[in-house]
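Summary of the model geometry
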Amino acid sequence: MSVGKQGFRADIQGMRAIAVGLVLLYHVWPAFVPGGYVGVDVFFVISGFLITSLLLREVERTGTIQLLDFYVRRARRLLPAALSVLVVSFLAFSLLLPELIWKPLRIEFAAAAVYLENWVLASKSVDYLAADGVASPVQHYWSLSIEEQFYIAWPFLILLAVRWRKAGSIRRTLSVAFGLVVAVSLGCALQAGYAGDPSAYFTTHTRVWQLAAGGMIALWPGLRLGAAELLLGLLLILFAALSFSGDTVYPGAAALAPTLGAALAIMGGRAFPESFTTRWLGSRPATWLGDISYSLYLWHWPVIMLARHLGGEDAVGPMAGIAVVLVSLLLAELSRRFIEDRFRHAATGRRPLVLGRYALASLAFATAAVLVGGPTAPQGPAGLASEATHPGALAWYGEGRQPVPDVPFVPALAAVPRDVAAAYGQGCIQNGGGSEVKVCSYGNRTAGTRVAVVGDSHAVHWLPAFEALAETHDLYIEGLTKTSCSPSGLEVSAMTSERPYTSCVRWTDNVVDYVRKGDFDYVILSQSPKHRLYELRDQPPERSAGALARGLFDTWHPVARDGTPIRIIRPTPWQPTVVPNCASTAAAPFRECTDDADAALGEDAMVRLASMSGFPLLDFTDLLCRDGACPAVVGNVFVYRDAHHLTGTFAQTLAQPLYDRLGLDVARVSVAAPSFGFSPDPFNAAADRPRFLSEGCVRSSRVESVKTCEFGPEDGTHVAVVGDATGANYMPAFELLAERLGLRVVTYFKDSCLFGAEDIHHRVLKATYSGCSRWSREVKAILEEKPPAAIFITQSPMYRRRAGELPGDAGQALGRGVAAYTDGLHARGVKILGITGAPWFEVDVPRCVRDHGIEDCGRPVDQVVPLGPVDHLVRAGRARGISVSDVFCPEGWCAPVQDKVLVYRDSNQPTATFMDLVGEKLSRSLEQALNSDDSVSREEHG
C-alpha cells in the first residue's frame, strides 16, 4: 500500500482513495457497502504493479537489484507508521480492556509487528476455541502481512528470472514466471473456496496471485487502454463492493471481479490525463485521500474498536460512525505528516544499520507483547482440589455434596478460558477445512464396551467426563469431532463466514462409514444448538432446528437399525455473555453474566430428534440450572469457559451422572498410575492441598469480612498468623508449635491479599484491590484491640501496586506499608516475625517434572527466591526473619522432589505431603524465632 514517487501517477492515488474508502465504509457501515472488503484486493493489485515497476526499472538499468537498498526503502516507508499504531493501540487497549479479554490478543500484536498476522488469523479461522474470541485491534494487519511477505520474496523471483533467462527479453521471461504464480495461486484460491476452507481468506498462497497480477501489468507498459477501460474497471470494483457480502465465497472466483477491475483501471489510467472522464481520479481531494491511505488503513480499525468498546456495542451507530471517520482522517493526516514523511525523507545513513534498527524495533515490540502477562494457550482441565470443597455438578446430584463456602473457585478465573478438554492439545479434532476422520481415544482398546462420541465442539466439551469414565471403567471411548459441524449430513453455514460448509457434509459421510465399520456398542451425538442451514443462514437457529433434526435422523437411523444404540445429549445453556470476561469485572456469584433457564435453553434440533426418533435424550439441565437460573459457578467450580462451552474441570464432575444416565453396566477397573517413584504423582499434585484451605480458613478475594481459624488451648499464649493463602501451607508446623508450647494460634488469611497500608493491584480484576485494603484495616483493628504476644507475617513476594509494575520494584514500598501496620503493635511489645525465602518458579513444577524429569526442573536458590515485601520488612529491622529457604532448598539447590516427596503443587505452593514431611523441622525454626531475644531494631538494619 506504499506510494512510489518515481513514475508518480495521480490516477493511482485516486484508486488508493477508492480502495481505502471502501474498506473504511465497510468497517464502519457494512450494510452500506456489504462487499467493501474488496478494497483490499484493489490495494494488492496496485502494490504488485508499483513494486514490480520499481524493481523492473532497476533491473533494466543496472542488470540486478540492490536488495539491501530495496529493503531499507520498504522498512523506512512502512515500519515507522505501522509500529506507531501498534504501540499506541497496545497501550490503549491494555488499559481499557479487562485482563482476561486483553491477554489472548497479545499474540496478534506480536504477529502484526513481524508481519505474520495473516497466518494467526488463518489458524484462528479453523480453530473453534477462537470462534467466540474478541476481535483484535490489529487484525487488519493481515493484508499488510501478505504484502510484506510479497516484498521479501518478489525481488528474489525477479533475480532468478534474470539469471536463468535465455536469449530474449527479461520481460518475456518474467511474464512466464509471473503467469505461473498467478495460475498456481489462483488455483489454490479456487480450490479453497470450493472446499469451504475459511482460512483461505487470509493465507498468502491464496492471495499472492492478485499482487502478481499487478506485476504482470507492469511488464507491458506499451499496452495502453483508454478511459473506457478505466471506467469499466472502476465499475467492476463498485459492482463487487455493492453486490458481494459475507455469503460470497472468497477469495474464489468472485475475487476475479475486483482484481480484473483494478487491473483494467491501472492500464486504462495510462491514458490520463488525455480523457476528461478520468481526471477526477487526480483531483486534489482524491489524491489527498490516496496520500493518507496507508495511515488511514492503519488507524481506522483501532479507532472503530475503541468506539465499540466505549459504546458497549458490537456495531458503530450513525453518529459514532461519523466521529470514527473524522478521527481516523485526522490521525491519518498527522501520521502521514509527522511519521511517514519524516522517516521517508530522513537521511539514509549506513544501510545495514538502518535496516537492523527497524528489524530490531519490530522484534523488540513483538517480544514485549508476548511477554506481558501469562500464558494464552489452552491448558486442559485444572483438576479439582477435592470433591469436598469443589464438587461441581455433584453438589446438585442425588443427595448433593455441599461445597465448603468461602474457598476460591476453580479453575482460577484467569485460567478459565484455557480450561478446555485435553483433546484440543492432542490434534485429534478435525478443523474447518478437513473432511477425513480424526480420532481422540481414551481407555483400553480391548475394553468390553466401545463408545463413539460424535459431533462438534459441544461433543468435545463432554470428552473430559468420558475420559474420566474410561480411566475407571472397562470402557473404550473415541471422540469423532469436527469444528462447528452438525453431523446431520446437511449443508450448514460455516463458522467463520456464512458460506456453505461443504467439508462438514463430507466429514459426516466419512464418520458414518467409520462408525458402521467400528463395532461400537453406543454412539453418542452432541452438537451446538446454534447451527443454521445454509439456506436459512439469515434466520434464527430455531428456524433450522426441525430440518436439522430430520437430517440427523436420516443420517443416524441406519446406524441404529444395524443394532448400535444411539444416545443424544441435550445442548448446554447458551449464556448472553462470554462468562469469564464478564466475571472479571463483576462480583460473585456473577448473576449479571448469565441468563435464566428459559432464555439460555430452547427446543433445538437435538430435543426434536429425540422426540421424532425415540433415541434416549440425556438431559443434564438439572445439574446446570436450578430455580430458573443457570449460574456461572456450581459447586465452587466455574461452569463455562466462554458463553456456552463447559470448562474441562466442570465436565469432569459430570462423569458419574453421565455414566448413570447412559444406563451403562460396565465393570470398574483398577488402572495403574504411572510410577514416578515419589508422591504425590505430578498428575494429582494440584489436589494435594492443605486441609486449612478446605476448612475455609482462607477468605476468598470476593469476601471482605474477616474469618479466623483457631487451635491450641484456649488459655494458651495468643499468637497470630497473618497473610494470604500461602499461610495455610505452614499450618502443620504451627499446629506442632502450638501443641509443644501450649499456644493459642489464631489465623487471619485472605487470598491474594497483602496485609499492609499500601493498596495493591489485582491482576485478574485489573484494578486496585480495595477489598484487600478494607480487610487489612479490619485485621489491624482486631489486633490492636487485643494484641497477641507475637504476629507471624506470611505473604507471597509477587505483589505490585499498579498494572505493569514488576513485583521486585514494588517490594520496598509495600514492605513499608506492612510496617505501617505492624510498627505500632511492635511498640506495644508484640513480636513481629516474617517468614521469607520460599521459592517461586517460573514454571509449573509438576508439569515440568512430568514432561522433562526431576533433574531438569531444579533451580539454584538465588534464581527462584525473590525479594518480596516481607523480605524488605525484615531487612529494614522491623521484623525478625524466619527463612525457610533451607527447608525448600537444602545446600542452595531447590529440587522439585525431596525424600521421594514432590515438593510443589504448582509454581510456588508446596504440597501438603511435603509440608507434613518438614513440619517438625519448620516448627523448630518458628520456635527458635519466637523464643529469641527481640533485640532487632530498625537502627541496626535500617
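Residues numbered from 1 in each chain as written. Predicted model: local features only at pLDDT ≥ 70, side-chain atom pairs only at ≥ 80, totals over all residues. Heavy atoms only, no water.

The name an unreviewed UniProt entry assigns to the protein chain is Acyltransferase, from the organism Luteimonas colneyensis.

**A few points about the overall build of the protein chain**
Under the convention used in this document: Secondary structure counts use DSSP, requiring at least four H or I residues in a row for a helix and at least two E residues in a row for a strand, with both numbered from the N terminus. Per-residue accessibility, obtained with a 1.4 Å probe over protein chains only, is compared with the maximum for each type, and a residue is labelled buried under 20%, exposed over 50%, and partly exposed between these values. A contact between two residues is defined here by any heavy atoms of the two lying within 4.5 Å. What sets the accessible areas is the Shrake-Rupley method with a 1.4 Å probe; for residues, cover comes only from the shown protein chains.
Scanning the protein chain from terminus to terminus reveals 36 helices and 21 strands. For the protein chain, the proportion of its 942 residues judged to be buried stands at 56%. In the protein chain, 80% of the contacts between residues at least 6 apart in sequence involve partners at least 24 apart. Total accessible area on the protein chain is roughly 37900 Å²; 56% of this is exposed by carbon and sulfur atoms.

**Describing the state of the cysteines**
Let me state the cut-off plainly: Any two cysteine sulfur atoms lying within 2.5 Å of each other are counted as a disulfide.
Applying the stated criterion across every chain yields a total of 8 disulfides. In this model, Cys-485 is linked to Cys-504 through a disulfide, with the two sulfur atoms separated by 2.0 Å. Looking down the S-S bond of the Cys-485 and Cys-504 bridge, the torsion is 80°, so its handedness is right-handed. In this pair, Cys-485 is assigned in the loop between strand 3 (475-481) and helix 18 (502-517) and Cys-504 in helix 18, connecting sequence segments 19 residues apart. Between Cys-697 and Cys-709 runs a disulfide, and the two sulfur atoms are separated by 2.1 Å. A torsion of -95° about the S-S bond marks the disulfide between Cys-697 and Cys-709 as left-handed. Of this pair, Cys-697 sits in the loop between helix 25 (691-694) and strand 9 (698-699) while Cys-709 is found in strand 10 (residues 708-711), placing the two residues 12 residues apart along the sequence. Like Cys-709, Cys-697 is buried.

**Comments concerning the packing of aromatic side chains**
Cut-off, in case you're wondering: For Phe, Tyr and Trp, rings pair up if their centres lie within 6.5 Å, where Trp contributes its six-membered ring, and each pair is then called stacked (planes under 30 degrees apart), edge-to-face (over 60) or tilted (otherwise).
Counting across every chain of the model gives 27 aromatic pairs. Considering the side-chain rings of Phe-888 and Tyr-904, the 6.2 Å spacing of their centres and the 25° angle between planes classify their relative orientation as stacked. Placement of the pair is Phe-888 in helix 33 (residues 885-888) and Tyr-904 in the loop between strand 21 (901-902) and helix 34 (912-917), with a sequence separation of 16 residues. Every member of this aromatic cluster is reached through a ring pair, and the members are Tyr-26, Tyr-37, Phe-44, Trp-142, Tyr-201, Phe-202, Phe-239, Phe-244 and Tyr-250.

**Examining unusual backbone geometry**
In this structure, Pro-589 follows Ala-588 across a cis peptide bond, with omega equal to 10°. Looking at the secondary structure, you find Pro-589 in the loop between helix 20 (579-583) and helix 21 (597-600). In the segment running from Ser-679 into Pro-680, the intervening peptide bond is cis, with an omega of -10°. The residue Pro-680 is located in the loop between helix 24 (655-662) and helix 25 in this model. In this structure, Tyr-115 is a non-glycine residue whose phi angle is positive, near 60°. Relative to the assigned elements, Tyr-115 resides in the loop between helix 5 (106-113) and helix 6 (117-125). One non-glycine residue, Ser-484, lies in the positive phi region at around 55°.

**Thoughts on helix 1 (residues 10-28)**
In plain terms, the rule: Every helix has an expected span of 1.5 Å times one less than the residues it contains.
With 19 residues, helix 1 extends 27 Å between its outermost C-alpha atoms, agreeing within 8% with the 27 Å of an ideal straight helix rising 1.5 Å per residue. Buried residues dominate helix 1, accounting for 15 of its 19 residues.

**Description of the packing of helix 9 (residues 208-219) against helix 11 (residues 256-268)**
Worth spelling out the cut-off: Working convention: axes come from line fits to C-alpha atoms, limited for helices to the stretch in contact. Angles between N-to-C directions cover 0 to 180 degrees. Roughly parallel here means an angle under 35 degrees, roughly antiparallel means over 145, roughly perpendicular means 65 to 115, and every remaining angle is called oblique. Left-handed describes a crossing whose near helix is turned anticlockwise from the far helix by less than a right angle; the clockwise case is right-handed. Residues are grouped as follows: Ala, Val, Leu, Ile, Met, Phe, Trp, Tyr, Cys and Pro are nonpolar; Asp, Glu, Lys and Arg are charged; every other residue, Gly included, is polar.
Closest axis-to-axis distance for the helix 9/helix 11 pair is 10 Å, and the angle between their directions is 20°. By the angle between their directions, the pair helix 9 and helix 11 is classed as roughly parallel. With respect to the hand of their crossing, helix 9 and helix 11 are arranged in right-handed fashion. Here Trp-209, Gln-210, Ala-213 and Ile-217 of helix 9 lie close against helix 11, whose contacting residues are Leu-256, Thr-259, Ala-263, Ile-266 and Met-267. Split into classes, the residues belonging to the contact of helix 9 with helix 11 amount to 7 nonpolar, 2 polar and no charged.

**Considerations on the pattern of salt bridges**
Convention followed: Each salt bridge in this description consists of a side-chain nitrogen of Lys or Arg and a carboxyl oxygen of Asp or Glu lying within 4 Å of one another.
The final tally for this structure, using the stated rule, is 19 salt bridges. The partner of Asp-619 in a salt bridge is Arg-570, and the shortest N-O contact between them spans 3.1 Å. Highlighted residues: Asp-619 in the loop between strand 6 (617-618) and strand 7 (633-634) and Arg-570 in the loop between strand 5 (566-569) and helix 20, separated in sequence by 49 residues. A residue is classified by how much of its surface remains accessible, and Asp-619, at 28% relative accessible area, is partly exposed. A salt bridge links Arg-740 to Glu-927; the shortest N-O distance between them is 2.9 Å. One end of the pair, Arg-740, is in helix 27 (residues 731-741); the other, Glu-927, is in helix 35 (residues 919-931), with 187 residues separating them in the sequence. Residue classification places Arg-740 among the partly exposed residues on the basis of a relative accessible area of 28%. Beyond isolated ion pairs, a larger network of salt bridges with shared partners links Glu-333, Arg-336, Arg-337 and Asp-341.

**Thoughts on a nonpolar patch on the surface**
In plain terms, the rule: Two joining distances apply to patches: 9 Å for like charges and 5 Å for nonpolar side chains (Val, Leu, Ile, Met, Phe, Trp, Tyr), and every residue must have over 30% relative accessible area and no salt bridge.
On the surface, Leu-231, Leu-235, Leu-238 and Leu-242 cluster together into a nonpolar patch covering about 370 Å² of accessible area. The residue Leu-242 is located in helix 10 (residues 227-243) in this model. On the accessibility criterion, Leu-242 (48% relative accessible area) is partly exposed.

**Comments concerning the packing of helix 2 (residues 39-62) against helix 9**
Interaxial distance between helix 2 and helix 9 falls to 7 Å at its minimum, and their mutual angle equals 45°. Taken together, helix 2 and helix 9 sit at an angle that is classed as oblique. As helix 2 packs across helix 9, the resulting crossing turns out to be right-handed. Only Gln-210, Leu-211, Gly-214, Gly-215, Ile-217, Ala-218 and Leu-219 of helix 9 make contact with helix 2, whose side of the interface consists of Asp-41, Phe-44, Val-45, Ser-47, Gly-48, Phe-49, Thr-52, Ser-53 and Leu-56.

**So, helix 14 (residues 318-344)**
Worth spelling out the cut-off: Bending is quantified residue by residue as the angle between axes fitted to the seven-residue window ending at that residue and the seven-residue window starting at it.
Over its 27 residues, helix 14 runs 36 Å from end to end, which matches the ideal 39 Å to within 8%, given 1.5 Å per residue. At Arg-336, helix 14 shows its maximal kink, close to 40°. All of the buried residues along helix 14 are Gly-321, Val-324, Val-325, Ser-328, Ala-332, Glu-333, Ser-335, Arg-336, Ile-339, Glu-340, Asp-341 and Arg-344.

**Observations regarding the environment of Ser-770**
For Ser-770, the position within the fold is in helix 28 (residues 770-785). For Ser-770, a relative accessible area of 36% corresponds to the partly exposed category. As a C-alpha pair, Ser-770 and Ile-760 span 10 residues in sequence and 8.0 Å in three-dimensional space.

**Quick look at the pairing of strand 5**
In regular strands, side chains alternate between the two faces of the sheet. Our working definition: What makes two strands pair is DSSP finding at least two bridges between them. When the strands point away from the viewer, a crossover counts as right-handed if the path from the first strand over the helix to the second runs clockwise.
Residues Ile-566 and Ile-568 line one face of strand 5 and the alternating positions Arg-567 and Ile-569 line the opposite face, and both faces are buried. Of the strand pairs in this sheet, strand 4 (residues 522-526) and strand 5 are connected by 3 bridges, and their pairing is parallel. Pairing of Val-523 across the sheet is with Ile-566, part of strand 5. Read as a crossover between parallel neighbours, the route from strand 4 over helix 19 (residues 542-561) to strand 5 is right-handed.

**Overview of the nonpolar core**
Put simply, the test is: Throughout this description, the term nonpolar core refers to a set of buried Ala, Val, Leu, Ile, Met, Phe, Trp, Tyr and Cys residues connected via side-chain atoms within 4.5 Å.
Leu-86, Tyr-141, Trp-142 and Ile-158 are the most contacted members of the largest nonpolar core, which has 107 residues in total. No other element matches the 13 residues that helix 2 contributes to this core. Leave out the neighbours within four places in its chain, and Tyr-141 touches Ala-82, Val-85, Leu-86, Ala-112, Glu-117 and Leu-298.

**Brief notes about the confidence of the model for the protein chain**
Reading predicted coordinates in detail is not appropriate for stretches of low pLDDT. What counts here: Per residue, pLDDT captures the predictor's confidence, and it can take any value from 0 to 100.
Taken as a whole, the protein chain shows an average pLDDT of 85; of its residues, 88% reach a score of 70 or greater. Contacts for the low-pLDDT stretch residues 935-942, under 50 throughout, to residues beyond four places or in other chains number 15 contacts.

**Some points on the environment of Leu-234**
Examined against the element boundaries, Leu-234 turns out to sit in helix 10. Using a relative accessible area of 11% as the deciding quantity, one classes Leu-234 as buried. Spatially, the C-alpha atoms of Leu-234 and Leu-260 are 9.7 Å apart, while their sequence positions differ by 26 residues. Aside from chain neighbours lying at most four places away, what touches Leu-234 is Ile-18, Gly-261, Ala-265, Trp-280 and Leu-281.

**Brief notes about the sheet that holds strand 1 (residues 440-443)**
Spatially, 6 strands are ordered 1-3-2-4-5-6 in an open sheet, and the strand pairing comes out mixed. In this open sheet, the two strands that pair with only one neighbour each are strand 1 and strand 6.

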